[in-house]
Amino acid sequence: MLSQEASNPGRRISLHGNWSSRTTFILAVTGSAVGLGNIWKFPYIAGQNGGGAFVLVYLFCVFLIGMPVMMSEILIGRRGRRNPVATMELLGEEEGSSRRWKWVGVLGVIAGILILSYYSVIAGWTLAYVEKSVTGQFVGASAEEIGRLFSDFTGNWVSVSIAHTLFMALTVVVIARGVERGLEQAVRFMVPALLVLMLALLGYAISFGSFSEGVSFMFTPDFGALTWDGVLAAMGQAFFTLSISMGAIMAYGAYLPEETSITGASIAVVIADTGIAILAGLVIFPLVFANGLDPADGPGLVFVTLPLAFGQMAGGTFFATIFFVLLTFAAWTSALGLLEPAVAWLVERHYRSRLQASIMVGGLIWLLGFGSVLSFSTLADFRFWRGTIFDNVDYLTSNIMLPLGGICIAVFAGWVMCRNSTSEELGSSGTGYKFWRFLVRYLAPVAIMFVFFQAIGLL
Ligand code: PFF
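Note that the coordinates shown come from a computational prediction; the quantities given were computed from them, not determined experimentally. (Residues numbered from 1 in each chain as written. Predicted model: local features only at pLDDT ≥ 70, side-chain atom pairs only at ≥ 80, totals over all residues. Heavy atoms only, no water.)

**As for the overall build of the protein**
Right, on to step 1. When you go through the protein residue by residue, the secondary structure sums to 18 helices and 2 strands.
Right, on to step 2. The C-alpha radius of gyration of the protein comes to 21 Å, within 12% of the 23 Å expected for a compact globule of 459 residues.
Right, on to step 3. Considered along the principal axes of its C-alpha atoms, the protein spans approximately 65 × 50 × 40 Å.
Right, on to step 4. Counting all 459 residues of the protein, 61% fall into the buried class.
Right, on to step 5. In the protein, the share of contacts with a sequence separation of at least 24, taken over all contacts with a separation of at least 6, comes to 80%.
Right, on to step 6. Approximately 16,800 Å² of the protein is accessible, and the part contributed by carbon and sulfur atoms is 65%.
Right, on to step 7. Looking at charge distribution, the protein has the averaged site of its 25 positive side-chain charges lying 11 Å from that of its 27 negative ones. (Helix = DSSP H or I, 4+ residues; strand = E, 2+ residues; numbered from the N terminus. Rg over C-alpha atoms; globule rule 2.2 N^0.38 Å. Buried < 20%, exposed > 50% of the residue type's maximum accessible area, 1.4 Å probe, protein only. Contact = heavy atoms within 4.5 Å. Areas by Shrake-Rupley, 256 points an atom, 1.4 Å probe, with all protein chains shown as cover. Lys, Arg positive; Asp, Glu negative; His and termini not counted. Charge placed at Lys NZ, Arg CZ, Asp CG, Glu CD.)

**Comments concerning the site of the ligand**
Right, on to step 1. Surveying the vicinity of the ligand reveals 15 residues, the closest of which are Ala33, Gly37, Tyr119, Phe240 and Ser243.
Right, on to step 2. A distance of 3.4 Å separates an oxygen atom of the ligand from a polar atom in the side chain of Asn38.
Right, on to step 3. In a pocket analysis with a 2 Å cut-off to the grid points, the ligand is assigned to the largest cavity.
Right, on to step 4. Tallied by class, residues from the shell around the ligand come to 7 nonpolar, 8 polar and no charged. (Near = heavy atom within 4 Å. Polar contact = N/O pair within 3.5 Å; in protein donor to acceptor, adjacent residues only side chain to side chain. 1 Å grid on protein atoms, 1.4 Å probe; cavity = no way out; pocket = protein on both sides within 12 Å on 5 of 7 lines; lining within 4 Å. Sits in = over half its atoms within 2 Å of the grid points. Nonpolar A, V, L, I, M, F, W, Y, C, P; charged D, E, K, R; others polar.)

**Concerning unusual backbone geometry**
Right, on to step 1. Notably, Arg81 is not glycine yet its phi reads approximately 55°, a positive angle.
Right, on to step 2. One can find Arg81 in the loop between helix H3 (52-80) and helix H4 (84-94).
Right, on to step 3. One non-glycine residue, Ser243, lies in the positive phi region at around 60°.
Right, on to step 4. Checked against the element boundaries, Ser243 lands in the loop between helix H10 (228-242) and helix H11 (248-253).

**So, the packing of aromatic side chains**
Right, on to step 1. For the structure on display, the rule yields 33 aromatic pairs.
Right, on to step 2. An angle of 55° between the planes, with centres 5.2 Å apart, marks the rings of Trp40 and Tyr44 as tilted. Of the two residues, Trp40 and Tyr44 are both situated in helix H2 (residues 36-48); the distance of 4 residues between them amounts to about one turn of the helix.
Right, on to step 3. For Tyr44, a relative accessible area of 3% puts it in the buried group.
Right, on to step 4. The cationic tip of Arg386 hangs over the ring face of Tyr395; the distance from NZ or CZ to the ring centre is 4.0 Å. (Phe/Tyr/Trp six-rings, centres within 6.5 Å; stacked < 30°, edge-to-face > 60°. Lys NZ or Arg CZ within 6 Å of the ring centre and 35° of its normal.)

**Quick word on the nonpolar core**
Looking at soluble globular proteins, one finds that nonpolar side chains tend to be buried together.
Right, on to step 1. Phe54, Ile76 and Phe323 are the most contacted members of the largest nonpolar core, which totals 160 residues.
Right, on to step 2. For this core, the element with the most residues is helix H5 (residues 102-134), which contributes 17 residues.
Right, on to step 3. Once you skip the residues sitting within four places of it in the chain, Phe323 turns out to touch Ile39, Leu197, Met198, Leu201, Leu306 and Phe310. (Core = buried A, V, L, I, M, F, W, Y, C linked by side-chain atoms within 4.5 Å.)

**Points about the environment of Lys41**
Right, on to step 1. Position of Lys41 relative to the elements: it lies in helix H2.
Right, on to step 2. A relative accessible area of 2% means that Lys41 is categorised as buried.
Right, on to step 3. Apart from residues no more than four positions distant in its own chain, Lys41 is found in contact with Leu36, Tyr118, Gln237, Phe240, Asp394 and Ser398.

**What about the side chain of Ser398?**
Right, on to step 1. One can find Ser398 in helix H16 (residues 389-416).
Right, on to step 2. Within the local environment of Ser398, its side chain forms a polar contact with the side chain of Lys41, the two groups lying 2.9 Å apart.
Right, on to step 3. Excluding its chain neighbours within four sequence positions, the residues that come into contact with Ser398 are Lys41, Tyr118, Gly236, Phe240 and Pro403.

**Things to note about the pattern of salt bridges**
Right, on to step 1. Enumeration according to the criterion identifies 9 salt bridges in this entry.
Right, on to step 2. A salt bridge links Glu425 to Arg79, with the nearest nitrogen and oxygen atoms 2.8 Å apart. Of the two residues, Glu425 is situated in helix H17 (residues 419-426) and Arg79 in helix H3; the sequence distance between them amounts to 346 residues.
Right, on to step 3. The exposure class of Glu425 is buried, given its relative accessible area of 3%.
Right, on to step 4. Since its relative accessible area comes to 13%, Arg79 is described here as buried.
Right, on to step 5. Close ionic contact of Glu258 with Arg81 constitutes a salt bridge, the shortest N to O distance being 2.9 Å. One end of the pair, Glu258, is in the loop between H11 and helix H12 (262-290); the other, Arg81, is in the loop between H3 and H4, and 177 residues separate them in sequence. (Salt bridge = Lys/Arg side-chain N within 4 Å of Asp/Glu carboxyl O.)

**Notes on empty space enclosed by the protein**
Right, on to step 1. For the structure shown, the criterion picks out 4 cavities of 30 Å³ or more.
Right, on to step 2. Approximately 140 Å³ is the volume found for the largest cavity.
Right, on to step 3. Listed by contribution, the elements that provide at least two residues to the lining of the largest cavity are helix H1 (22-33), H5, H10 and helix H14 (316-350).
Right, on to step 4. Per-class residue counts for the lining of the largest cavity are 10 nonpolar, 6 polar and no charged. (Points joined across faces, edges and corners; volume = space filled by probe spheres on them.)

**Comments concerning the environment of Ser398**
Right, on to step 1. Judged by relative accessible area, which is 2%, Ser398 ranks as buried.
Right, on to step 2. Separated by 165 residues in the primary sequence, Ser398 and Ala233 have C-alpha atoms spaced 7.5 Å apart.

**Examining H5**
Right, on to step 1. Between the first and last C-alpha of H5 there are 47 Å, a value that for 33 residues agrees with the 48 Å anticipated at 1.5 Å per step.
Right, on to step 2. The axis of H5 is deflected most strongly, by about 25°, at Leu116.
Right, on to step 3. Within H5, 26 of the 33 residues are buried, which leaves the element mostly enclosed by the surrounding structure.
Right, on to step 4. Just downstream of H5, Gly136 is the residue with a positive phi angle, here 65°. (Expected span 1.5 Å × (residues − 1). Bend = angle between axes of the 7 residues up to and from the residue.)

**Quick word on the packing of H5 against H14**
Right, on to step 1. Two elements in contact, H5 and H14, have axes separated by 9 Å at closest approach and are oriented at 165°. As the angle between them shows, H5 and H14 are arranged roughly antiparallel. Here the hand of the crossing between H5 and H14 comes out left-handed.
Right, on to step 2. Per-class residue counts for the contact of H5 with H14 are 20 nonpolar, 7 polar and no charged. (Axes fitted to C-alpha atoms, helices over the stretch in contact; angles between N-to-C directions. Parallel < 35°, antiparallel > 145°, perpendicular 65-115°, else oblique. Left-handed = near helix turned anticlockwise from the far one by under 90°.)

**Some thoughts on a nonpolar patch on the surface**
Right, on to step 1. On the surface, Phe382, Phe384, Trp385 and Leu396 cluster together into a nonpolar patch covering about 420 Å² of accessible area.
Right, on to step 2. You can see Trp385 is positioned in the loop between helix H15 (354-375) and H16. (Patch = residues over 30% accessible without salt bridge, like charges linked within 9 Å, V, L, I, M, F, W, Y side chains within 5 Å.)

This is the structure:
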């Protein structure tokens, strides 16, 4: 997928070659964006934060903060053509500021490691649910039985550990061989297939779920139900779902040929990602209400509602299997983006082979993952700050590290980089460019800062 020649010999050359085409780049970024965040996380945090108002804030954050930050990350990555740490250091100096900007890259690498530590556990659940689907365990089961199946499974740390280990191994193998091989094929097939399956499930939700109740829960804003912490969660989710502000997209941008339009690619990715998340909500909430479940149920929401529906529909075993296989693929292509920055950094900075670096970082993440594995079993009652270890790692990364990274990237692209550099990368200096620049200079930093301080009680 990465051809070894640079597209423009006059410019800086990526150490790893370039994406073979614009489509490949869009597929890789979409593969990274579409994942558990859309189908597992979005519905449950929307449910926990009261629905409508949360969704509205989320959409605002995705389009007016997330998208400009995504464009910034791609353009920074393409200009630096290194791993995120080296790129920030290089451009910081080149743009007449400081080499210390590398710490933004470091923050991203650490966020990636922490996120993957729990992401891999949830992806392990997904993998295990493939087995439960194939063996027909949902057929005819009641809501209680499906709920018990979920809590018995997540409460059994040995089974979850096996699934987590398997998923981490799959991720390390792909990264060790180089992201190029295989990823393109996987994403080319996975995203459209996931979309088709979600549309089929939407048909089911319309026919058999409480569709109007689900729609009104998702789209009727009740701002009274929304707290500042909820607004911060919506913002964090916008970053999380687009895979931004932690260097993953920057690392992919480093391999992007000069002639590709950054704006066009970003719009395509943001629309695909948002579409799948909204679709997931439209499938899940009607089923929640039809079955008398609680939308604020938390991380188990998808693992209870969908199996319940699969258990009742004709051909449910077949659809359940395909669904969990696709979700595992979606998680897999996202996990690659989480691991890549740390591995690229270790390879370039410490001259490790890709294999060594992948095993080292993967091993560390695997170990850290046990904190989340045990959060649903042995250590479920070990609570501090935001809840279990899983809750804390999630809160720290999504609601603190990603927004902080987002501010830094927006400030860097909007204030540190000179107008010429950014307009050259974005290929425009017209109205669209001016709007982007306004968003990264003013709206994004101010909005993130404001929400952040409100949520932690400083305003
Ligand atoms: N965007 C992914 C999801 O929604 O599941 C999660 C993710 C992947 C976040 C890669 C960050 C990242 F670098």
